[in-house]
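Listed below, chain by chain, are the residues.
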Amino acid sequence: MSLALKELRRRPSRFVVATVVLSFLATLLLFLGGLLDGLYLGSTGAIRAQQADVIVFSESARDSFLRSRITGEQRATVEAAEGVDEVGGLGFVLLGAEVPGESEPADVAIAGYEVAPKGVPEEPPAPGEGIADDRLRDQGVSEGDTILVGPAKSPVTIVGFVNDTSYLQQGTVWVDLDTWRSVQNANRPDAAVADDVVQVLVVRGTGDLATSIDTATAGATSTLTVDETVLALPGVKQQKATFNQIIYSTLVVVLAVVGLFFSLLTLERLGLYGVLKAIGASTGRLFRGVVLQAVIVAIVSFAVGALLALAAAAALPAGVPLQLTPARFVSTFIGLLVAAVLGSAVSLRKVLKVDPASAIGTAS
Amino acid sequence: MFLALKEMQRAKLRFGLLAGAVGLLVFLILFQQALLTGLINQFIGALKNQSADVLVYNDQARKNLEGSIILPDQLAAVAEVEGVAVAAPLGESTFTVTAKGEETDAVLFGYELGGPGEPTTLIEGRLPEGPGEGVASEKDRADGFGIGDVVQVQPDGVSITVVGLARDINYSVAPTLFVDFATFEDAKRARNPDATEILPSVVAVQVEPGADAEVVAARITAEVDGVEGLTRQQAVDGSPGVSSVRSSFGIILALFYLVVPLVTGLFFLIVTFQKASALTLLRAIGARSSKLVGALLVQVVLVMLLGSVLAFGLYAGAVQGVKNLGVSVEVMPAVVTSLVVLVLALLTSLVAIRRVLKLDPLSATTGAGVHV
């Protein structure tokens, strides 16, 4: 054990290049993961924040908020369905908004609600007032501002902020249903809704809600759990699959790189290992040394890589949806460690085969 | 030369691991490059491959087609601007449609037949000549968007017969149809009977012969209230997500390109160190250093070649998995990438070559023979 550590301390140059390569790979892993998280969190915040059991879409909407329409009549049917306790309407409209004192318009999603999502007051704000997502602070919005939404310049006064509720990379402004309707109808006359119409219903209740609701409406609705709704958002599922594929492939590269370097190092030390074995060191002990070195190299690389990734994140323009979450750091760290240990295991065979008797013969 | 090959044969695990690592890295580069081009084409192909020189957005829309609407008097005002030959409405929206008996998402672009905004990459069939006809993307041919297929907008809306196919005209990664503006209006009304008025998303402008699109676009922005004129290329580059996707993938790719030569460079440096005594001996018995360097270079090229072949196999396989992005296996970019990576690897192997050149044949006579 202490031999492995001593080597690291006395001959760090041996490990420098491997550490540099692994650091780059760690940065890559964090960067890829951060992009995935940024895209995911920024797209789905408004849905993940819903404190509901299921979300009811109209049947022909193919689980798209913008295309879904639930009429007052359908709502009454849903309210009467078995197991339903509480029903609230919800609607989104994506628009640009003028922010006082800013030359660039901000991207906003005006969301009308009845059943409050996490962090938003139970009682919707007064008409014409809204609770903004923190993301809008970056675009110059502050409390008390009146933003002018859309081409019709509908005024909405910001009376508070909430964290992590953005929708499709746009900062959500939570308003009451009537304000949402008036903003939507003024700015998107082609998507106008009547007074009792909402896009979807958020429902709290017990039992098999999806089945009981869709049965009650005779198939006019399509009911999803909140998790299913998140995955049904455009692009979310594909992004996850593609990025994860790239991340796993990169981990395999880490494994190959670690395997390569440590098998080379081991090769160099075979003679030495013969001597050590001859004086009584066990294979296990020698191999533990190799694994220990791989783990330390991985830890150092992770630290360097994390710093590089943080620096890159700080240097990037705000438009890049990169979010480095603690969970991503932890999972990347674990991934690196596992790949390092597995990679160093490639040398196990070599260490096993070292014959202590070789120490007596030639020096090499 | 023989020595170089023999060494690789005897140390299969070592060289195999290296070729494997290189292969995976090159694969990741190829795959992400394809993904980047595919994604961008799928997101904004429809904008890139339509005939309007200038697209006029609502200035609140932040260059987002989905967020833009044009009021009737804005459309009229754009037509009056100097340098504008034709100004026609262009509408874009996503619908639920039934194609091949199944419900799916589809984007409709409604343009004035014969006017600006028509697809320019037609490869089969013809452009629509009346209501109820449309041009679809060649990529979605098999999914119920082939010539002669009928697509119906839900719920119970207009039916559109596909009469032509064009390349790379998708928008937002969904199947896309270019139809007559009146058909687009009908589709919108079917989806939302409460709609008070169907407005175009943008104005498609054809500039007068000899006029510069960029100048006309700037003039429209300056002269018409509440709109932003963009040339076709500006509209493509400014589309939401395009620049951020480009810059994030740019960084990722740069890192991958860095890692490949680092891995190979280090590998050959270590191997050279290990062989130092043997190489010194070879020099002492008369092998010229150019021969030793040659052997090293042969190994670098072979490893990179093996890695590239492996990468190409993986790439061809992985591309099947993202077919819905319209990514196809292209040989040329793959060859270029392999060459770039090979050159980078040869550059970093210079460190190992320097080491070989510094070997002193004399030291073979002094016993140990290695100065590290």
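Further up the page is the structure itself.
Cut-off values and rules
- Position numbers for residues start from 1 in each chain and track the written sequence from start to end.
- The naming scheme follows written order: chains are lettered A onward, ligands numbered 1 onward.
- Residue-level local features of this predicted model are given only where pLDDT is at least 70; pairs of side-chain atoms are given and counted only at 80 or more, and the full residue set underlies all totals for whole chains, interfaces and linings.
- With hydrogens and water stripped out, all remaining heavy atoms of the structure feed into the side-chain values.
- Buriedness for pockets is judged along seven lines, at least five of which must meet protein on both sides within 12 Å for an open set on the 1 Å grid over protein atoms alone, while cavities are sets there where a 1.4 Å probe fits but cannot get out, and lining residues have an atom within 4 Å of a point.
- Grid points are joined across faces, edges and corners, and a volume is the space filled by probe spheres set on the points.
- We call Asp, Glu, Lys and Arg charged. Ala, Val, Leu, Ile, Met, Phe, Trp, Tyr, Cys and Pro are nonpolar, and the rest, Gly among them, are polar.
- Working definition: a ring pair exists when centres of Phe, Tyr or Trp rings (six-membered ring for Trp) sit within 6.5 Å. Plane angles under 30 degrees give stacked, over 60 give edge-to-face, the rest tilted.
- Only runs of H or I of at least four residues qualify as helices and only runs of E of at least two qualify as strands under DSSP, and these elements are numbered from the N terminus.
- Buried, partly exposed and exposed residues are distinguished by accessible area as a fraction of the type maximum, computed with a 1.4 Å probe on protein chains only: under 20%, between the cut-offs, and over 50%, respectively.
- For a lysine, the NZ atom is tested; for an arginine, the CZ atom; a charge sits over a ring if that atom is within 6 Å of the ring centre and within 35 degrees of the ring normal.
- Each patch is built from residues that are more than 30% exposed by relative accessible area and take part in no salt bridge. Like charges join if they lie within 9 Å; nonpolar side chains (Val, Leu, Ile, Met, Phe, Trp, Tyr) join within 5 Å.
- Computed with a 1.4 Å probe, the accessible areas rest on the Shrake-Rupley method; for each residue, only the protein chains presented here act as cover.
- Take a side-chain nitrogen of Lys or Arg and a carboxyl oxygen of Asp or Glu: if they are within 4 Å of each other, that pair is a salt bridge.
- Charge assignment: positive for Lys and Arg, negative for Asp and Glu; neither His nor the chain ends contribute.
- For the purpose of locating charges, the reference atoms are NZ of Lys, CZ of Arg, CG of Asp and CD of Glu.
- Residues belong to a common nonpolar core when they are buried Ala, Val, Leu, Ile, Met, Phe, Trp, Tyr or Cys residues joined through side-chain atoms within 4.5 Å.
- The contact rule is simple, with two residues in contact once any of their heavy atoms fall within 4.5 Å.

(A) How the structure looks around empty space enclosed by the protein. Inspection of every chain in the model, using the stated rule, returns one cavity of 30 Å³ or more. By volume, the largest cavity is sized at about 30 Å³. In terms of lining residues, the largest cavity is bounded by Arg69(A), Asp190(A), Ala191(A), Lys188(B), Arg191(B) and Asn192(B). Considering only residue class, the lining of the largest cavity consists of one nonpolar, one polar and four charged.

(B) Region of the structure containing the packing of aromatic side chains. One pass over the structure, following the stated rule, counts 18 aromatic pairs over all chains. Judged by centre distance (5.6 Å) and plane angle (40 degrees), the rings of Phe181(B) and Phe184(B) are tilted. Taken together, the positions of Phe181(B) and Phe184(B), both in helix 4 (residues 181-191) and three residues apart, correspond to about one turn of that helix. The class of Phe181(B) is buried, set by a relative accessible area of 10%. By relative accessible area, Phe184(B) is classed as buried at 0%. An aromatic cluster of at least three residues, connected via ring pairs, comprises Phe57(A), Phe65(A), Phe92(A), Tyr113(A), Tyr167(A) and Trp174(A). One residue, Arg137(A), lies across the ring of Phe161(A), its end atom 3.8 Å from the ring centre.

(C) Summary view of a negative patch on the surface. Negative charge collects at one region of the surface, where Glu73(A), Asp195(A), Asp196(A) and Asp194(B) lie side by side. Tracing the backbone through its elements, the reader meets Asp194(B) in the loop between helix 4 and strand 9 (202-207). Judged by relative accessible area, Asp194(B) falls into the partly exposed class, the value being 32%.

(D) Structural context of the nonpolar core. Counting 132 residues, the largest nonpolar core has Leu25(A), Leu47(B), Leu55(B) and Phe268(B) as its most contacted members. Each residue touching Phe268(B), except ones within four places of it in the same chain, is listed here: Phe15(B), Leu18(B), Leu296(B), Gln299(B), Val300(B), Val303(B) and Ala352(B).

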